[in-house]
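Here is what each chain is made of, one letter per residue.
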Amino acid sequence: MDYTEIYHNWLNDTRLTAEGKAELESVKDNNEEIEYRFGAELEFGTAGMRGIIGYGTNMMNIYTVKRATQGLAEFIKTLGENAMARGVAISYDTRLKSDVFARAAAEVLAANGIKVYLFGEVHPVPMLSFAVRCLKTVAGIMITASHNPKQYNGYKVYGSDGAQMSPEDTAVVVDFIKKIDDYLGTPAPTAEQIKRLIKPVPARVDRKYYKELKKLTLSKKAVKQCGKDLKLVYTPVHGSGYIPVTTILKKIGINATVVKEQTTKDTEFSTVEVPNPEYKETLAMGIALAQKIGATVVFGTDPDSDRLGIAVKNGEGEFEALSGNQVGILLLDYILTRLKEEDALPSDAAVVKSFVTTGMAKAICRQFNVKLFEVPVGFKFIGEKIKLWERDHSHTFVFGFEESCGYLRGTHARDKDAVVASMLCAEMVCYYTSINKTVYQRLMEIYDTYGYVLDCNISIPFKGLNAMKDMNAVVDGLKTNPITKFDIYDVAAIRDYSNNIKKDIVTGVTSEIGSPLTNCVYYELENGSFICVRPSGTEPKLKIYFSVKAHHKADAEAALEKMKNAVNEIVKA
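Residues numbered from 1 in each chain as written. Predicted model: local features only at pLDDT ≥ 70, side-chain atom pairs only at ≥ 80, totals over all residues. Heavy atoms only, no water.

## Points about the side chain of Asn314
Phase 1 of the analysis: Along the chain, Asn314 turns up in the loop between strand E10 (308-313) and strand E11 (319-322).
Phase 2 of the analysis: For Asn314, a relative accessible area of 14% corresponds to the buried category.
Phase 3 of the analysis: For Asn314, the side chain forms a polar contact with the side chain of Glu320, separated by 3.3 Å.
Phase 4 of the analysis: Dropping the residues within four chain positions of it, Asn314 is found in contact with Glu320 and Tyr440. (Helix = DSSP H or I, 4+ residues; strand = E, 2+ residues; numbered from the N terminus. Buried < 20%, exposed > 50% of the residue type's maximum accessible area, 1.4 Å probe, protein only. Polar contact = N/O pair within 3.5 Å; in protein donor to acceptor, adjacent residues only side chain to side chain. Contact = heavy atoms within 4.5 Å.)

## So, the sheet that holds strand E13 (residues 371-375)
Phase 1 of the analysis: Pairing in this open sheet of 4 strands is mixed, and the strands run E13-E12-E14-E15 from one edge to the other. With partners counted over all chains shown, the strands left at the sheet margins are E13 and strand E15 (406-408), one partner each. Pairs of neighbouring strands in the sheet enclose a mean axial angle of 20°, with direction left out of account.
Phase 2 of the analysis: Examined bridge by bridge, strand E12 (residues 349-354) and strand E14 (residues 396-402) share 5 bridges and lie parallel to one another. Paired with Ala350 across the two strands is Phe397, which belongs to E14.
Phase 3 of the analysis: Packing against the sheet, helix H14 (residues 324-341) makes contact with E12, E14 and E15, and its axis sits at approximately 165° to E14. (Pairing = 2+ DSSP bridges. Axes fitted to C-alpha atoms, helices over the stretch in contact; angles between N-to-C directions.)

## Structural notes on unusual backbone geometry
Phase 1 of the analysis: Here His238, not a glycine, exhibits a phi torsion of approximately 65°, which is positive.
Phase 2 of the analysis: Mapped onto the elements, His238 comes out in the loop between strand E7 (232-235) and helix H12 (242-252).
Phase 3 of the analysis: Looking at His238, the relative accessible area reads 1%, which means it is buried.
Phase 4 of the analysis: Residues other than glycine seldom take positive phi values, yet Asn500 does so here, at roughly 60°.

## Here we look at the packing of H12 against helix H17 (residues 418-434)
Phase 1 of the analysis: Axis separation between H12 and H17 bottoms out at 9 Å; the angle between their running directions is 35°. Note that H12 runs across H17; the crossing there is right-handed. Across from Pro244, Val245, Ile248, Leu249 and Ile252 in H12, the residues of H17 making contact are Ala418, Val419, Ser422, Met423 and Ala426.
Phase 2 of the analysis: Its residues placed into classes, the contact of H12 with H17 shows 9 nonpolar, 1 polar and no charged. (Left-handed = near helix turned anticlockwise from the far one by under 90°. Nonpolar A, V, L, I, M, F, W, Y, C, P; charged D, E, K, R; others polar.)

## Observations concerning a positive patch on the surface
Phase 1 of the analysis: A contiguous patch of positive charge on the surface is contributed by Lys136, Arg204, Arg207, Lys208 and Lys211.
Phase 2 of the analysis: Tracing the backbone through its elements, the reader meets Arg207 in helix H10 (residues 203-214).
Phase 3 of the analysis: Among the residues examined, Arg207 registers a relative accessible area of 55% and is labelled exposed. (Patch = residues over 30% accessible without salt bridge, like charges linked within 9 Å, V, L, I, M, F, W, Y side chains within 5 Å. Areas by Shrake-Rupley, 256 points an atom, 1.4 Å probe, with all protein chains shown as cover. Salt bridge = Lys/Arg side-chain N within 4 Å of Asp/Glu carboxyl O. Lys, Arg positive; Asp, Glu negative; His and termini not counted. Charge placed at Lys NZ, Arg CZ, Asp CG, Glu CD.)

Now the structure itself:
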């Protein structure tokens, strides 16, 4: 059946909502639009699914949400009645139709006899992850497209451990989803099933979450000394972080000044171009307010509050947006420093980062004699390490982070948590203030100690139905192209994560990486720098990561430009 036939089947189906019929009618003369909407099915991968909101098999709508949920329901039913009774926790953020999609998912589960705990108000990713663990549900669903533009929404599935569902279980769910041809025919619950099986998340879950976070504080004395005078500006960027972030800061004794215009649940995110706190532009209103009131630090969280962006005053007194890598090394250094000062650093302490995250983490962990583990991109892999260590007691997890502004301390959640990161960063500011130092000064000290590392990534957008295929083809092409040099840097080794093989360029010796498989090529350069190329798992973008080591910032910047040009020539070829 071709896409035009599928389009007409949807359009003429009496079960299609009036909104859906009107939207599909509006594109009846646009073949390109019809092909995009119906020429493919929205892909469900290990990160769930994410797409543009609209009607069609390749879009985010109640029918694609219900179909995915029916696949999840079939999987849960194979686990038995106990799993069905344990149920599924569901949360959602402030995006367009997030609440509608959450309710639709809940009703599909109820129609299948599966219990549901549904948050009655927006709650962020980490609180959903915590709820799964606290309520001991068999799974969790989060309706969000994270930091994507406003026209997107998404659907994340969590396992019983509170981490995003494992690749193995996801594959089973996907098999069930693929068997469902009738998008508009998912079962509807009876009134009795809704009453009996769809329950609100108990208020105690929120209380327990904040209690767990307070256990993770590291500088109570400094917060007591400086917290009341700390001038900190926070913006939730119209997202779900507003209540939890301000609540935890208040609980530890810090009152943040919020950007009121950005506390509204605006589905258009009308005050920013993109609701991504990685960008200084997204923090612009916060920075303007900070300048007005004389604040020294600005925090911003994304719609589902799993990412934290920070801007601090630099040596010239101007606000500088820190990268996710910079915040990561500051938090890593701070956490290890405070644990060591309090004689609380476990002898088997371990840190986990994605392999595209800054190479400086290795030097910091070495200094503190802490084991560093690298995993593929995706916080679920950090969650898997935590789960493994809880089982075999080989290491104690102290911190995990990704370059994309994702951080986790504690094991209360198994996904990145901008709420606990906000708490830690706020008390970190207090700690350095108490010893007459700024966060920026500490960052410069870290560079002086370990050498300057410039980390950045660029994204090359791909369009059309074959975007994912085209991106993967570029990465596959790199594997067959024996690159031994990027301008001024020789390649020391090449990691092919799709085959779990690392090859030493000088000796030709190959070895296993020991990592879950993912389509990615990673070049280890001679001086400890690296370049990594991978297709995004959530957006049609080819991502290229650079971590450049040098003696000074200017040298690193010059080397980075050479690296970018060299990679650009190879990718173009």
